[in-house]
Amino acid sequence: MKHYLSINDIDSLPDWVTEARELKKNPRAHRLLGAEKTLCMLFFNNSLRTRLSTQKAAMHLGMEVMVMNFGTESWSLEFGDGTVMDQGSAEHIKEAAKVVAQFCDIVAIRSFAGLKDKEIDAADVVLNGFVEHAAIPVVNMESSMGHPLQALADAITLAENAQKKRPKVVLSWAPHPKALPHAVPNSFVRMMQRQEADFVITHPKGYELDPSITKGSTIEYDQYKALKGADFVYVKNWCCYSDYGSVLNRDTSWMMTKGKLGQAKFMHCLPVRRNVVVEDAVLDGSRSLVIEQANNRTYAAQVVLKKILDSNP
Ligand SMILES: NCCC[C@H](NC(=O)CCC(=O)O)C(=O)O
Ligand SMILES: NC(=O)OP(=O)(O)O
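In this text the structure is predicted, and so the values were computed from the model without any measurement. Numbers given to residues run from 1 along each chain, matching the order in which its sequence is written. Starting at A for chains and at 1 for ligands, labels are handed out in the order in which the entities are written. Reporting in this predicted model follows two pLDDT cut-offs: at least 70 for local features of residues, and 80 or more for side-chain atom pairs to be given and counted; totals over whole chains, interfaces and linings ignore these cut-offs and use all residues.

Q: An account of the sheet that holds strand 8 (residues 198-202) is requested, with residue identities and associated values reported.
A: Two strands pair under a simple rule: DSSP has to find at least two bridges between them. Each helix is a run of DSSP H or I of at least 4 residues and each strand a run of E of at least 2, with the numbering of both proceeding from the N terminus. Overall, parallel pairing links the 5 strands, which are arranged 9-8-7-10-11 in an open sheet. This sheet does not close on itself; its edge strands, each paired only once, are strand 9 (218-219) and strand 11 (265-267).

Q: Can you break down the packing of helix 7 (residues 148-161) against helix 13 (residues 290-311) residue by residue, with the values?
A: Only C-alpha atoms enter the line fits that serve as axes; for helices the fit covers just the stretch in contact. Angles between N-to-C directions range over 0 to 180 degrees. Helix 13 packs onto helix 7 with a crossing angle of 115° between their chain directions and a minimal axis gap of 8 Å. Relative to helix 13, the element helix 7 is oriented roughly perpendicular. Of the two elements, helix 7 crosses helix 13, and the hand of that crossing is right-handed. For the pair formed by helix 7 and helix 13, the contact residues are L149, L152, A153, D154, I156 and T157 on the first element and E292, Q293, N296, R297, Y299, A300, A301 and V304 on the second. Gly counts as polar in this scheme, as do all residues outside two lists: the nonpolar Ala, Val, Leu, Ile, Met, Phe, Trp, Tyr, Cys and Pro, and the charged Asp, Glu, Lys and Arg. Its residues placed into classes, the contact of helix 7 with helix 13 shows 8 nonpolar, 3 polar and 3 charged. Our angle categories are set so that under 35 degrees counts as roughly parallel, over 145 as roughly antiparallel, 65 to 115 as roughly perpendicular, and the remainder as oblique. Note on convention: near helix rotated counterclockwise from far helix by under a right angle means a left-handed crossing. Clockwise means right-handed. By the convention adopted here, residues are in contact when the distance between their C-beta atoms, placed from the backbone, does not exceed 7 Å.

Q: Tell me what's going on with the domain arrangement of the chain, and back it up with residues and numbers.
A: How big an interface is tends to be expressed through the accessible area that disappears when the partners come together. Domain borders in the structure are assigned automatically or taken from a domain database. Domain boundaries in the chain define domain 1 (7-146 + 297-311) and domain 2 (149-293). The C-alpha centroid of domain 2 is placed 25 Å from the C-alpha centroid of domain 1. Taken together, the contact between domain 1 and domain 2 spans 25 residues of the former and 22 residues of the latter. The set of elements that each furnish at least two residues to the side of domain 1 that touches domain 2 consists of helix 1 (13-25), helix 2 (49-60) and helix 13.

Q: I'd like a description of the UniProt feature "domain: Aspartate/ornithine carbamoyltransferase carbamoyl-P binding" (unreviewed entry) in the chain, backed by residues and values.
A: Those residues carrying the UniProt feature "domain: Aspartate/ornithine carbamoyltransferase carbamoyl-P binding" (unreviewed entry) are residues 2-160 in this numbering. As annotated, residues 2-160 has a helix share of 43% and a strand share of 14%, and its two end C-alpha atoms lie 28 Å apart. UniProt positions are given in the numbering used here, feature names are shortened, and annotations may be inferred rather than shown by experiment.

Q: So what's going on with the pairing of strand 5 (residues 106-110)? Residues and values would help.
A: Both faces of the sheet carry side chains from a regular strand, because those side chains alternate between them. In terms of residue burial, strand 5 counts as a mostly covered element, since 5 of its 5 residues are buried. A two-sided burial pattern is seen for strand 5, the buried positions comprising I106, A108 and R110 on one face and V107 and I109 on the other. Bridge count for strand 1 (residues 38-43) against strand 5 is 5 bridges, and the pairing is parallel. The residue of strand 5 that forms the bridge with M41 is A108. For every residue, the other C-beta atoms within 10 Å of its own C-beta are counted; 20 or more classify it as buried, 12 or fewer as exposed, and values in between as partly exposed. C-beta atoms are placed from the backbone.

Q: Describe in detail the sheet that holds strand 2 (residues 64-68), supporting the description with residues and values.
A: Spatially, the 4 strands line up as an open sheet ordered 2-1-5-6, and their pairing is parallel. Lying at the two open borders of the sheet, with one neighbouring strand each, are strand 2 and strand 6 (138-140). Along the sheet, successive strands turn relative to each other by an average axial angle of 20°, direction set aside. Pairing of strand 1 with strand 2, which is carried by 5 bridges, proceeds in the parallel orientation. Bridge pairing links L42 to M68 in strand 2.

Q: Quick one: what's the story with the site of ligand 1, residue by residue and with numbers?
A: Taken together, E142, K178, L180, P181, A183, V184, C269, P271 and R273 form the complete shell of residues around ligand 1. Grouping the constituent residues of the shell around ligand 1 by class yields 6 nonpolar, no polar and 3 charged. Only the C-beta atom matters for this test: placed from the backbone, it must lie within 6 Å of a molecule or strand for the residue to be near it.

Q: Give me the lowdown on the site of ligand 2, citing residues and values where you can.
A: As a matter of local geometry, ligand 2 sits amid S47, L48, R49, T50, E142, Q150, C269, L270 and P271. When we break the shell around ligand 2 down by domain, the ones giving at least three residues each are domain 1 (7-146 + 297-311) and domain 2 (149-293).

Q: Could you give me a rundown of the packing of helix 1 against helix 13, with the residues and numbers involved?
A: The interhelical angle for the contact between helix 1 and helix 13, taken along N-to-C directions, is 110°, at an axis separation of 9 Å. Looking at the two axes, helix 1 sits roughly perpendicular to helix 13. In this structure, helix 1 crosses over helix 13, and the sense of that crossing is right-handed. Each of W16, E19, A20, L23 and K24 in helix 1 lies in contact with helix 13, whose residues at this interface are Y299, A300, Q302 and V303.

Q: Outline the environment of P185, listing residues and values.
A: By the element assignment, P185 lies in helix 8 (residues 183-192). Residues P185 and I201 lie 16 residues apart in sequence; the distance between their C-alpha atoms is 9.7 Å. When neighbours within four sequence positions are excluded, P185 is seen to be in contact with L171, L209, K236 and W238.

Q: Account for the UniProt feature "binding site: N(2)-succinyl-L-ornithine" (unreviewed entry) in the chain, with residues named and values stated.
A: The positions that UniProt labels "binding site: N(2)-succinyl-L-ornithine" (unreviewed entry) are, in the present scheme, E142, H176, K236 and R273. Inspection of the secondary structure assignment puts E142 in the loop between strand 6 and helix 7. The class of E142 is buried, set by 26 C-beta atoms lying within 10 Å. Setting aside residues no more than four positions away along its own chain, E142 makes contact with T50, R110, F112, H147 and A183. Among the secondary structure elements, R273 is positioned in the loop between strand 11 and helix 12 (280-283). Overall, R273 belongs to the partly exposed group, with 14 C-beta atoms counted inside 10 Å.

Q: Report on helix 8, specifying residues and quantitative values.
A: Most of helix 8 is tucked away: 9 of the 10 residues are buried. Within the span of helix 8, buried status applies to A183, V184, P185, N186, S187, F188, V189, M191 and M192. Along its buried surface, helix 8 packs onto helix 7, strand 7 (168-173), strand 8, helix 9 (211-214) and strand 10 (232-236).

Right, dumping it as structure tokens:
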């Protein structure tokens with residue numbers, strides 16, 4: 001495997017989950033694999049979990065790590081071909097990516113959707129710019145279109161907690177004061193489509209995700225109906241996709257509550273806004289898996305880095 005850009009780069013999800021669970025038992029088993037290799041992590045947006053878990057994973061493999069908050073500390077980048085750069089951007093992706101590649105063996109990038117222009121976001125210019133110009137393996141730490149490290153961690157968490165072979169898993173939209181990207185739900189849906197599960201997506205009308213991603217998955221607009229008999233409830237806000245980037249609905253009745261959750265386990269990628277997305281009683285209760293999910297980010301990142309190091313000696 002050269003890059004880890006999306007869930008599609010996983011050849012066998014069950015095998016990767018098994019391997020991650022093995023790494024979790026003995027995280028430093030391959031501590032010499034990454035010796036004398038450098039991971040460079042570039043953040044165009046904030047992070048807590050992704051930054052620490054990916055660094056931890058690299059350290060378990062013996063790698064050296066460099067981190068840069070690119071969005072606030074580096075030059076603003078231009079991506080267009082042939083652009084006359086007389087405006088705000090000082091550096092072109094063509095130089096920046098080649099320069100970064102000289103300092104490391106793998107580059108990991110976080111660059112969220114701008115949520116202004118659907119086509120620009122769909123092109124994922126930062127991630128794909130590094131793929132095109134850096135000539136080293138690239139890892140997606142949440143791009144416009146996906147968050148595949150999160151979805152892999154979610155698959156590990158589901159496997160660890162499933163009580164039956166075919167659990168019912170519900171992805172439930174939640175209210176939020178801001179417009180949030182589609183990356184997390186996109187990758188979660190793509191991952192669930194590769195799992196043995198009864199998978200249902202629920203959201204208010206108008207919040208349909210990209211139909212090319214949800215194609216074949218069940219959508220139920222009645223949240224109560226969707227939640228019936230659920231084993232796992234994955235809660236997430238996302239903004240409107242058709243009226244791109246807008247917030248249509250602040251209906252607080254979609255917040256996840258202890259009553260609605262019932263016997264199901266609660267999942268969220270974090271960070272989460274208490275008593276807007278989900279009430280305290282859920283996060284503070286015994287059915288919440290959010291801290292385990294965050295812990296599994298290390299082993300998701302570790303299996304990804306290990307596979308890249310194995311195939312790029
Ligand atoms: N990496 C996990 C989620 C990141 C981002 N959430 C946020 O930006 C939350 C911001 C806030 O609550 O103000 C998202 O939804 O894609
Ligand atoms: N879940 C997640 O990606 O968290 P951070 O945004 O804190 O990295």
